[in-house]
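Spelled out from the first residue to the last, the chains are:
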Amino acid sequence: MIKPDPQVTKALAVTVRQHPELLEWLEGWYRHELETLPSAINQPAVFQGRCQVLGELYRFAKEAPALAAKL
């Protein structure tokens, strides 16, 4: 993942603090993709890529409040 600008980090941090259900939804989507990954027979690389991107996005959203506090 490319490193986002500080403004993006702060915006995501505010969003996650004000709307924690967004983080829960991202986590649920990420977990769902991970659960379906073993059964991905056709084009497993697409499923792996989707899992990787969702994982990075979820971790960034989860860590955004702490990262924004350091900026």
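Since the structure is predicted, the reported quantities are computational estimates derived from the model, not experimental observations.

Definitions and limits used
Residues numbered from 1 in each chain as written. Predicted model: local features only at pLDDT ≥ 70, side-chain atom pairs only at ≥ 80, totals over all residues. Heavy atoms only, no water. Helix = DSSP H or I, 4+ residues; strand = E, 2+ residues; numbered from the N terminus. Contact = heavy atoms within 4.5 Å. Phe/Tyr/Trp six-rings, centres within 6.5 Å; stacked < 30°, edge-to-face > 60°. Buried < 20%, exposed > 50% of the residue type's maximum accessible area, 1.4 Å probe, protein only. Core = buried A, V, L, I, M, F, W, Y, C linked by side-chain atoms within 4.5 Å.

A.B. asks: I'd like to hear about the environment of Pro65, residue by residue, with values.
C.D. replies: For Pro65, the location among the structural elements is in helix 3 (residues 44-70). Between the alpha carbons of Pro65 and Leu12 there is a distance of 7.8 Å; along the sequence they are 53 residues apart. Excluding its chain neighbours within four sequence positions, the residues that come into contact with Pro65 are Ala13, Val16 and Arg17.

A.B. asks: I'd like to hear about the packing of aromatic side chains, residue by residue, with values.
C.D. replies: Following the criterion strictly, the structure yields two aromatic pairs and no others. Both rings, one in Tyr30 and one in Tyr58, keep their centres 6.1 Å apart while their planes meet at 25°; by these two values the pair is stacked. Taken together, the residues Tyr30 in helix 2 (residues 20-36) and Tyr58 in helix 3 connect sequence positions 28 residues apart. By the burial criterion, Tyr30 is buried, and Tyr58 matches it.

A.B. asks: Got a sec to walk through the nonpolar core? Specific residues and values, please.
C.D. replies: Among the nonpolar cores identified, the biggest contains 12 residues, and these are Leu12, Ala13, Val16, Leu23, Leu26, Tyr30, Leu54, Tyr58, Phe60, Ala61, Ala64 and Ala68. If you list the elements that add at least two residues to this core, you get helix 1 (6-18), helix 2 and helix 3. Residue contributions to this core peak at six residues, all from helix 3. The contacts of Tyr58, once residues within four sequence positions are left out, are Leu23, Leu26, Glu27 and Tyr30.

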